[in-house]
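Fold and contact review
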Amino acid sequence: MAVTRRFGPRRPVWPALRTLLNVLAAALAVGLAGWAGFVTSERHGTSALRDESNHRLDLFASAVQGVVRRLEHIPATIQLNKDVQALLLEPHHALRVSAVNAYLRRLNAHLGSMAVFVLDERGVVVASSNGELGDDSQLGSDLSYRPYFQDALSGQVGRHFAIGARSRQPGYFVSHPIRDGARVLGVATIKISLEPIEQTWEMLGAPALLADASQVVILSSRPEWRYTALAELSLAQRVDLQLTRLYDGLTIPRFPLPVNLSVDEDSQVIEGELSGGVQVEGDLVRPGRGSALVLGRALDGMDWRLLIFRDLRPVRTQAVVYSLLSAVAAGFVLLLVACFAAQHAFD
């Protein structure tokens, strides 16, 4: 009995498999082209954003240093006044107190600083440009706990941010020892207003902050960031801050955003990324679906750090567009190659 074949002749498997492999290879090539386009565009966009931000940081850092350094040398010149030297040798001499107060008032008015004052070797204010006004410079105030006094008493130049003991006005204090030979008779101090810095945040065009040596934010374009710590303060640091009253006894919480920073010890350039779902819009940083590039630098001679937060969304949006264009271009090239191969096979 004859057996009838129920199926037609077996079709070769290799051509179909080859077609499938070609399709997969083409898809892989298009995907790789898109990925390469994204990575290249993101790298170039981030580099351009970094260069622009660093230029702005350089300008702003120069402005900050200009505000401070314009008056930083003044305490060193006060010891040249003979009345100041004489007053420290006889601190209760009424005529000398009056003469030095008048000199400091004229000096302060000419400089436009917040206060200029002299402390004796115990840390008590014996002469001041502000006389009876309530601040660190008030006559008779005991400021022996202030780091700027302690630095100058040990023969060094003191440089510290602090909130005024009575006025609650923040400022930058620079101090210098007043010597009689090898002996330190007292300390000359100037309080410099930081208000001009507050008026220049717009030149950065993005959220920014200044942090001091304790990594506490002392100035910021965002008021809610002030007096927060970029890193967790140790118990010893918190005790020290309470003793020195640099922040007027304020409780210093952690900085509200997750930021990881790395510092180049040679160039003092700071870089990091703000992640964890944030969004930068103008001068605002709020929760969102994005991340930000954090750039900064240490300010020479001040132990301050300047940080700026730049939105990475435009860079990544451009990278996605470039990725799609790269994928389309690769697909078009492969289509041309396929058409040419088919035409060649037909011929």
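Scroll up for the structure.
Residues numbered from 1 in each chain as written. Predicted model: local features only at pLDDT ≥ 70, side-chain atom pairs only at ≥ 80, totals over all residues. Heavy atoms only, no water.

Some details on the overall build of the protein
Looking only at helices and strands, one finds 8 helices and 13 strands in the protein. With 347 residues in all, the protein has 42% of them scored as buried. Accessible surface for the protein amounts to roughly 19000 Å². Of this, 58% is attributable to carbon and sulfur atoms. (Helix = DSSP H or I, 4+ residues; strand = E, 2+ residues; numbered from the N terminus. Buried < 20%, exposed > 50% of the residue type's maximum accessible area, 1.4 Å probe, protein only. Areas by Shrake-Rupley, 256 points an atom, 1.4 Å probe, with all protein chains shown as cover.)

Describing the sheet that holds strand β2 (residues 125-128)
With antiparallel pairing, the 5 strands of this open sheet are ordered in space as β2-β1-β5-β4-β3. This sheet does not close on itself; its edge strands, each paired only once, are β2 and β3 (158-163). Put simply, the sheet's adjacent strands are angled 25 degrees from each other on average, direction ignored. (Pairing = 2+ DSSP bridges. Axes fitted to C-alpha atoms, helices over the stretch in contact; angles between N-to-C directions.)

Describing the environment of alanine 61
Note on placement: alanine 61 falls in helix α1 (residues 14-69). The spacing of alanine 61 and isoleucine 197 is 136 residues in sequence and 10.0 Å in space, taken between C-alpha atoms.

Notes on the packing of aromatic side chains
Given two aromatic rings, their pairing is described by the distance between the two centres and the angle made by the two planes. Within this structure, the stated rule accounts for 9 aromatic pairs. A ring pair is formed by phenylalanine 161 and tyrosine 227, whose centres lie 6.5 Å apart and whose planes are at 40 degrees; its orientation type is tilted. Pair noted here: phenylalanine 161 is in strand β3 and tyrosine 227 is in the loop between β7 (217-220) and α7 (235-244), with a separation of 66 residues, a long-range link. Look at tyrosine 227 and you get buried, because its relative accessible area is 18%. Aromatic pair phenylalanine 255 and phenylalanine 309: ring centres 6.1 Å apart, planes at 20 degrees, arrangement stacked. Linking phenylalanine 255 in the loop between α7 and β8 (259-263) with phenylalanine 309 in strand β13 (residues 304-311), this pair joins segments that are 54 residues apart in sequence. (Phe/Tyr/Trp six-rings, centres within 6.5 Å; stacked < 30°, edge-to-face > 60°.)

Details of the pattern of salt bridges
Applying the stated rule across the entire model yields 12 salt bridges. The closest approach of N and O atoms between arginine 122 and aspartate 120, which form a salt bridge, is 3.1 Å. You can call arginine 122 exposed: its relative accessible area is 56%. The exposure class of aspartate 120 is buried, given its relative accessible area of 8%. (Salt bridge = Lys/Arg side-chain N within 4 Å of Asp/Glu carboxyl O.)

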